[in-house]
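Per-entry structural report
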Amino acid sequence: ESPARAAAEAAAPRRRVYGEEPVAEREIPLEALVAVAVEKNLPLLAGRLTPRISEAQVLAAVAAFDPTFEVAPTYTRRERDFFLLPPPTDERTQAYSTSLTGTLPTSTEYGITISTTRTSNRNTGSTRRIAYAQSATFTLTQPLLRGAWSRIALAPVEIARLNSEAARARLA
């Protein structure tokens, strides 16, 4: 049985049943009372979580430099039915786009995108025409003045690390 539980049971008022002899008082060690107080102290319990929260904030700040991958497929079908002229058409388009974007610790933003489009056309009574189009794009964006270079880009990471150290120091 833990000292905290023993202290809690001893401190709890006991109901007296008719005909029962009164229970003799017993001494509770100071350490047991302190253990109960510490166990039930909500601000202290919340304070113990602060270092873990600030460590998670460090991870989130570092994750700002993780790349993002995106895939975007699309499919479109258009049918045109004319009453007289020109002949009805059936057009189908399939497009795929893949991109990788992110930010470097030097504040440089980068993006790489590759796209492919396939278009199929058919008029009634004619053959199907198929056309392909591909493209690749590479972009770099670097701030030149305020917000440039790693000292500025890494500031949120450094702030989160300092908050984490401060939280651990407050608990020690």
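Numbering of residues begins from 1 in every chain and follows the order in which that chain's sequence is written. Since the coordinates come from a predicted model, pLDDT governs what is reported: local features require at least 70, and pairs of side-chain atoms require 80 or more to be given and counted, while whole-chain, interface and lining totals use all residues. In computing side-chain properties, one takes all heavy atoms of the structure into account and sets aside hydrogens as well as water.

Next up on the list: the environment of S54. Put simply, DSSP H or I for four residues or longer makes a helix, DSSP E for two residues or longer makes a strand, and each gets a number counted from the N terminus. Looking at where S54 falls in the secondary structure, it is placed in helix α3 (residues 42-63). We call a residue buried when its accessible area falls under 20% of the maximum for its residue type, exposed when it is over 50%, and partly exposed in between, using a 1.4 Å probe and counting protein chains only. Residue classification places S54 among the buried positions, given a relative accessible area of 3%. If sequence neighbours within four positions are ignored, S54 has contacts with A160, N163, S164 and A167. Contacts between residues were defined by any pair of non-hydrogen atoms, one from each residue, lying within 4.5 Å.

Here T93 is to be found in strand β2 (residues 89-103). When neighbours within four sequence positions are excluded, T93 is seen to be in contact with T74, Y75, T76, T117, R118 and T119.

One less than the residue count of a helix, multiplied by 1.5 Å, gives the span that helix is expected to have. In this model, α3 (22 residues) spans 31 Å end to end at C-alpha, consistent with the 32 Å of a helix rising 1.5 Å per residue. The angle separating two fitted axes, one through the seven residues that finish at a residue and one through the seven that start at it, defines the bend at that residue. T50 marks where α3 bends most, by close to 30°; the proline P51 follows one to four residues later. Structurally, α3 contributes buried residues whose contacts are with α5 (155-171).

Turning our attention to unusual backbone geometry. The backbone phi angle of S107 is positive, close to 75°, even though this residue is not glycine. With respect to the helices, strands and loops of the structure, S107 is situated in the loop between β2 and β3 (109-123).

A separate point is the confidence of the model for the chain. The predictor attaches a confidence to each residue, called pLDDT, with possible values from 0 through 100. Confidence along the chain averages 82 in pLDDT terms, with 79% of residues attaining 70 or more. Across the chain, the secondary-structure element scoring lowest on mean pLDDT is helix α1 (residues 3-11), at 64, and the one scoring highest is strand β4 (residues 129-141), at 93.

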